[in-house]
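Notes for the structure review
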Amino acid sequence: FFWILIVMFNPYALSLLSSVAGAKIYVSMVLLYFFGYYLTQSTRDVRFFITPFLIVAALHTLTGLIQGFNGPESLIALHPRYAVQLEKFGGTAFRPFGLTNQPGAPAIYIYMVFPFIIYFFFYFKSYFLKSVFALFIPFATFLIFLCQVRSALLKMMLASTLYLVSLFQTNSKRSTVSRPQLIAGIIAVACLIMILTPTLIAKFTEEQMDTQAAVERSLTLFEVDKVSQARRGAWARFSNYVQEVPLGAGFARMGAAAGAFASLQKSDPFFGDKIFFADNFWIATLVEVGLPGMALMTLLIISILWVGYKNYFDEKNMEIKILMGATLSSLTAMVIGLYGAEGLLYNPESAFFWFFSGVLMKLASSDLIDRQQPTT
């Protein structure tokens, strides 16, 4: 907070108002952390907090699949303004918008909650609810392929793998999920994916020829040569900005606030109409809060994961540990993905990461109600 207050009066700042507008994300992330910590009283609260995210992800999946099946015309029929966004990506296969105004954005909502989808699949005893979450997985996975956001696909795979590993690691006589149940569940969902995916591709391709191209573009994630070139030039930009603005260029030069103060940027006496381009977290924080701010943010994020994993391995209550594993898997995938996105600075990832970071810390707290009950 002290460093942000200093940066608010950066001599390169566009204006005090723009600084306030741009600084809000750095202030709100800390507040969200404490909201998550103090509002969590039990594991039941954590399941309650994740429910809205799951509902939003389900709605994105439903609307995204409908759009993918009907094509871009389904969006323009809703509102002609969608045509503006579609024109920006005219040379690539159509990406569903879901409930957002950005092509491919549903993939971000889905990958964040994927470990929790797996969590609820094993948590519920009802076969009906298990079936719902079992079907959620292949349909959501197929939509991520249609969205063609390869970073989201990678983070979804990473988060899911981390959580499944944690489930095997927590498996014991005291665990709420036995090893045979875990293996049977994984096999059942894998079979569903193998059966449904080719069928969905065939049905969607009959309606939209773009489907095949979309899936193929997503599959380039596994082509090392193409993926290695995806973020080239990032280090050169970082090195250049370190020399130009080691203490930052002020807030509102990127992100949502940048659009609101575009006129001020054009008349800026220091940088004129220069655009600071950031395609990863560290470049974005360097431009906005300088090297000290970037270092503080990085230290804060690493500390959260470090303490989270330490608490996870020390945890004896299996119900709490399994829930901590789901939370940690999502947060870890987000942090690893910062190489190719600003992620933790902008919604929806920002709200999710900082709120559930607070939740994660509370799960290890002695104040948690579950610790006053017999260990399961």
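The present account deals with the structure reproduced in this document. Here the structure is a predicted model, which means the values were calculated and not measured. Each chain has its residues counted from 1, running along the sequence as written. Totals for whole chains, interfaces and linings use every residue, but because this is a predicted model, local features are given only for residues with pLDDT of at least 70 and side-chain atom pairs only at 80 or more, for both listing and counting. Working from all heavy atoms in the structure, the side-chain values ignore hydrogens and water.

**Considerations on the overall build of the protein**
- Numbering of helices and strands starts at the N terminus; helices are DSSP runs of H or I of at least 4 residues and strands are runs of E of at least 2. For the protein, the helix and strand inventory stands at 17 helices and zero strands.
- In terms of overall dimensions, the protein has a C-alpha envelope of 65 × 55 × 40 Å along the principal axes.
- Considering the protein as a whole, with its 376 residues, one finds that 50% of them fall into the buried category.
- Whether two residues are in contact is decided by their heavy atoms, any of which lying within 4.5 Å being enough. Taking the intrachain contacts of the protein between residues at least 6 apart in sequence as the baseline, contacts between residues at least 24 apart amount to 76%.
- The accessible surface values rely on the Shrake-Rupley method and a 1.4 Å probe; as for residues, cover is taken only from the protein chains in view. As displayed, the protein has an accessible area near 18000 Å², and 69% of this comes from carbon and sulfur atoms. Buried residues are those whose accessible area, probed at 1.4 Å on protein chains only, stays under 20% of the maximum for their type, while exposed residues exceed 50% and partly exposed ones sit between those limits.

**As for the packing of helix 6 (residues 106-123) against helix 7 (residues 127-147)**
- Where helix 6 meets helix 7, the closest approach of the two axes is 10 Å, and the angle between their N-to-C directions is 160 degrees. With respect to helix 7, the axis of helix 6 lies roughly antiparallel. For the element pair helix 6 and helix 7, the recorded crossing hand is left-handed. Contacts between helix 6 and helix 7 involve Pro106, Ala107, Ile110, Tyr111, Phe114, Ile117, Ile118, Phe120, Phe121 and Phe122 on the former and, on the latter, Lys130, Phe133, Ala134, Phe136, Ile137, Ala140, Thr141, Leu143, Ile144 and Cys147.
- Under this grouping Gly is polar, as are all residues other than the nonpolar Ala, Val, Leu, Ile, Met, Phe, Trp, Tyr, Cys and Pro and the charged Asp, Glu, Lys and Arg. In terms of residue class, the contact of helix 6 with helix 7 is made up of 18 nonpolar, one polar and one charged. Axes here mean lines fitted to C-alpha atoms, for a helix over just the part in contact, with angles spanning 0 to 180 degrees between N-to-C directions. The scheme is simple: roughly parallel for angles under 35 degrees, roughly antiparallel for over 145, roughly perpendicular for 65 to 115, oblique for anything else. Throughout, a crossing is termed right-handed when the near helix is turned clockwise from the far one, and left-handed when it is turned anticlockwise from it by less than a right angle.

**Quick notes on helix 3 (residues 43-70)**
- The terminal C-alpha atoms of helix 3 lie 41 Å apart, and with 28 residues this matches the ideal 40 Å at 1.5 Å per residue to within 8%.
- Here the bend at each residue means the angle between axes fitted to two seven-residue stretches, the one ending at that residue and the one beginning there. Its maximal kink placed at Thr51, helix 3 deviates by approximately 30 degrees, while the proline Pro52 follows within four residues.
- Gly71, located one to two residues past helix 3, shows a positive phi value of around 85 degrees. Residue count minus one, scaled by 1.5 Å, sets the expected span of a helix.

**As for a nonpolar patch on the surface**
- Residues Phe1, Leu31, Phe35 and Leu39 make up a contiguous nonpolar surface patch of about 430 Å² in total accessible area.
- Position of Phe35 relative to the elements: it lies in helix 2 (residues 16-39).
- According to the relative accessible area criterion, Phe35 is partly exposed, its value standing at 47%. Patch membership requires more than 30% relative accessible area and the absence of a salt bridge. Residues of like charge join within 9 Å; the nonpolar side chains Val, Leu, Ile, Met, Phe, Trp and Tyr join within 5 Å. Throughout this description, the term salt bridge denotes a Lys or Arg side-chain nitrogen within 4 Å of a carboxyl oxygen of Asp or Glu.

**Description of the environment of Phe120**
- Relative to the elements of secondary structure, Phe120 occurs in helix 6.
- For the pair Phe120 and Lys130, spaced 10 residues apart in the sequence, the C-alpha separation amounts to 7.6 Å.
- Setting aside chain neighbours within four positions, we find Phe120 in contact with Arg47, Ile50, Leu54 and Phe133.

**Brief notes about the side chain of Thr205**
- Topologically, Thr205 is positioned in helix 9 (residues 179-207).
- Counting of polar contacts relies on pairs of N or O atoms within 3.5 Å, with two restrictions inside protein: one atom must be capable of donating a hydrogen and the other of accepting it, and residues adjacent in sequence are counted only when both atoms are side-chain atoms. In this structure the side chain of Thr205 is engaged in a polar contact, spanning 2.5 Å, whose partner is the backbone oxygen of Ile201.
- In this structure Thr205 touches Thr211 and Gln212, once residues within four positions along its chain are discounted.

**Observations regarding the nonpolar core**
- Judged by nonpolar contacts, the single largest core of 98 residues is most densely connected at Tyr26, Leu344, Phe352 and Phe353.
- At 13 residues, helix 6 tops the list of elements feeding residues into this core.
- Once you skip the residues sitting within four places of it in the chain, Leu344 turns out to touch Met29, Phe281, Ile301, Met334, Val335, Leu338, Ser350, Phe353 and Trp354. What makes a nonpolar core is a set of buried Ala, Val, Leu, Ile, Met, Phe, Trp, Tyr and Cys residues whose side-chain atoms join them at distances within 4.5 Å.

**Section: helix 9**
- Compared with an ideal rise of 1.5 Å per residue, which puts 29 residues at 42 Å, helix 9 spans 42 Å between its outermost C-alpha atoms and is within 8% of the ideal.
- Of all the bends in helix 9, the largest measures some 25 degrees and sits at Leu196, one to four residues before the proline Pro198.
- Among the residues of helix 9, Leu182, Gly185, Val189, Leu200, Ile201, Phe204 and Thr205 are the ones counted as buried.
- Tucked into the core, helix 9 has its buried residues touching helix 3, helix 6, helix 7, helix 8 (150-170) and helix 10 (210-219).

**Here we look at the pattern of salt bridges**
- Applying the stated criterion across every chain yields a total of six salt bridges.
- Across the pair Arg237 and Asp279 runs a salt bridge whose closest N-O atoms are separated by 2.7 Å. You can see Arg237 sitting in helix 12 (residues 234-244) and its partner Asp279 sitting in the loop between helix 14 (262-266) and helix 15 (281-314), a full 42 residues away along the chain. Accessibility assignment for this pair places Arg237 and Asp279 in one class, buried.
- A salt bridge links Glu244 to Lys274, with the nearest nitrogen and oxygen atoms 3.6 Å apart.

**Considerations on the packing of aromatic side chains**
- Two aromatic rings from Phe, Tyr or Trp, using only the six-membered ring of Trp, form a pair when their centres are within 6.5 Å; if the ring planes differ by under 30 degrees the pair is stacked, by over 60 it is edge-to-face, and anything between is tilted. Inspection of the entire model under this criterion finds 32 aromatic pairs.
- Between Tyr119 and Phe120 the ring centres are 5.2 Å apart and the planes differ by 80 degrees, which places this aromatic pair in the edge-to-face class. Summarising the burial analysis for this pair, Tyr119 and Phe120 share the class buried.
- Arranged with centres 4.7 Å apart and planes meeting at 35 degrees, the rings of Phe352 and Phe356 form a pair that is tilted. Taken together, the positions of Phe352 and Phe356, both in helix 17 (residues 349-363) and four residues apart, correspond to about one turn of that helix. Just as Phe352 is buried, Phe356 falls in that class too.

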